[in-house]
Amino acid sequence: ADDKPTPLGVFPISQKKVHHISNLYGAPMPYMQRLTNDGVAIHASELGPNLATHGCIGVPLAFAKKLFGATKLGDKVIVTRGEMLTTGSAITAIK
């Protein structure tokens, strides 16, 4: 949603849950991986021009499941506005 932008920065995964329901919106958040204490997470979500994730990072279900299996608590997630990083490169988009 425009009034709830996804925050930029580096965030550790602090919680993982396969079947999660948002306590703020009552919406399902499959393969949820929490990034912030105020509810921002990566999770499976239908994607489209009129659909909102309220600051979360919504991804297709198959990708959410694969990502969930590849990460662990404490792994760091870097959120930028489209900047692509290579191993060892500096993060410039979030300064």
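Here the residue index of a chain counts from 1 through its sequence in written order. Whole-chain, interface and lining totals are the exception, using all residues; otherwise, since this is a predicted model, local features are given only for residues with pLDDT of at least 70 and side-chain atom pairs are given and counted only at 80 or more. Only hydrogens and water are removed before side-chain values are computed, so all heavy atoms of the structure are retained for them.

Glancing now at the overall build of the chain. We count a stretch as a helix when DSSP gives it H or I for four or more residues in a row; a strand needs E for two or more, and each element gets its number in order from the N terminus. For the chain, the helix and strand inventory stands at one helix and six strands. From first element to last, N terminus to C terminus, the chain shows the α and β order β-β-β-β-β-α-β. When accessible area is computed with a 1.4 Å probe and restricted to protein chains, residues below 20% of their type maximum are described as buried, those above 50% as exposed, and intermediate ones as partly exposed. In the chain, buried positions account for 28% of the 95 residues. With the model as given, the accessible surface of the chain reaches about 6,400 Å², and the carbon-plus-sulfur share is 58%. The Shrake-Rupley method, run with a 1.4 Å probe sphere, supplies the accessible areas, and residue values consider only the shown protein chains as cover.

Let us now look at the sheet that holds strand 3 (residues 32–34). Strands were regarded as paired on the criterion that DSSP finds at least two bridges between them. Strand order across the open sheet formed by four strands is 2-3-4-5, with mixed pairing between neighbours. The open sheet is flanked by strand 2 (15–17) and strand 5 (57–59), the only strands paired with a single partner. Each strand axis lies, on average, 10° off the axis of its neighbour in the sheet, ignoring direction. Note on method: axes are straight lines fitted to C-alpha atoms, helices fitted across the in-contact stretch only, with angles between N-to-C directions ranging 0 to 180 degrees.

A few words on the pattern of salt bridges. Two side chains of opposite charge can pair, provided their charged atoms sit close to one another. By definition here, a salt bridge exists when the distance from a side-chain nitrogen of Lys or Arg to a carboxyl oxygen of Asp or Glu is within 4 Å. One pass over the full model with this rule turns up one salt bridge. A salt bridge links Lys-72 to Asp-75; its shortest N-O distance comes to 2.9 Å. A residue is classified by how much of its surface remains accessible, and Lys-72, at 55% relative accessible area, is exposed.

The next thing to look at is the side chain of Arg-34. Along the polypeptide, Arg-34 turns up in strand 3. As used throughout, the charge tally considers Lys and Arg to be positive and Asp and Glu to be negative, leaving His and the chain termini uncounted. Despite its burial, Arg-34 remains without a salt bridge, the nearest opposite charge being carried by Asp-38 at 7.2 Å. Only 2.7 Å separates the side chain of Arg-34 from the side chain of Gln-15, close enough to count as a polar contact. Here, residues are in contact when the closest pair of their heavy atoms is within 4.5 Å. The residues touching Arg-34, leaving out its near neighbours within four places in the chain, are Pro-12, Ile-13, Ser-14, Gln-15, His-20, Gly-39, Val-40 and Ala-41. Whenever a nitrogen or oxygen atom comes within 3.5 Å of another N or O atom, the pair is scored as a polar contact, on the condition that within protein one atom can donate a hydrogen and the other can accept it, and that pairs from neighbouring residues in sequence are kept only if both atoms are in side chains.

Distance thresholds for patches are 9 Å for like charges and 5 Å for nonpolar side chains (Val, Leu, Ile, Met, Phe, Trp, Tyr), applied to residues having over 30% relative accessible area and no salt bridge. A cluster of nonpolar residues, Val-10, Ile-78 and Leu-85, forms a patch on the protein surface that exposes about 210 Å² of accessible area. Mapped onto the elements of the fold, Leu-85 is located in the segment after strand 6 (76–79).

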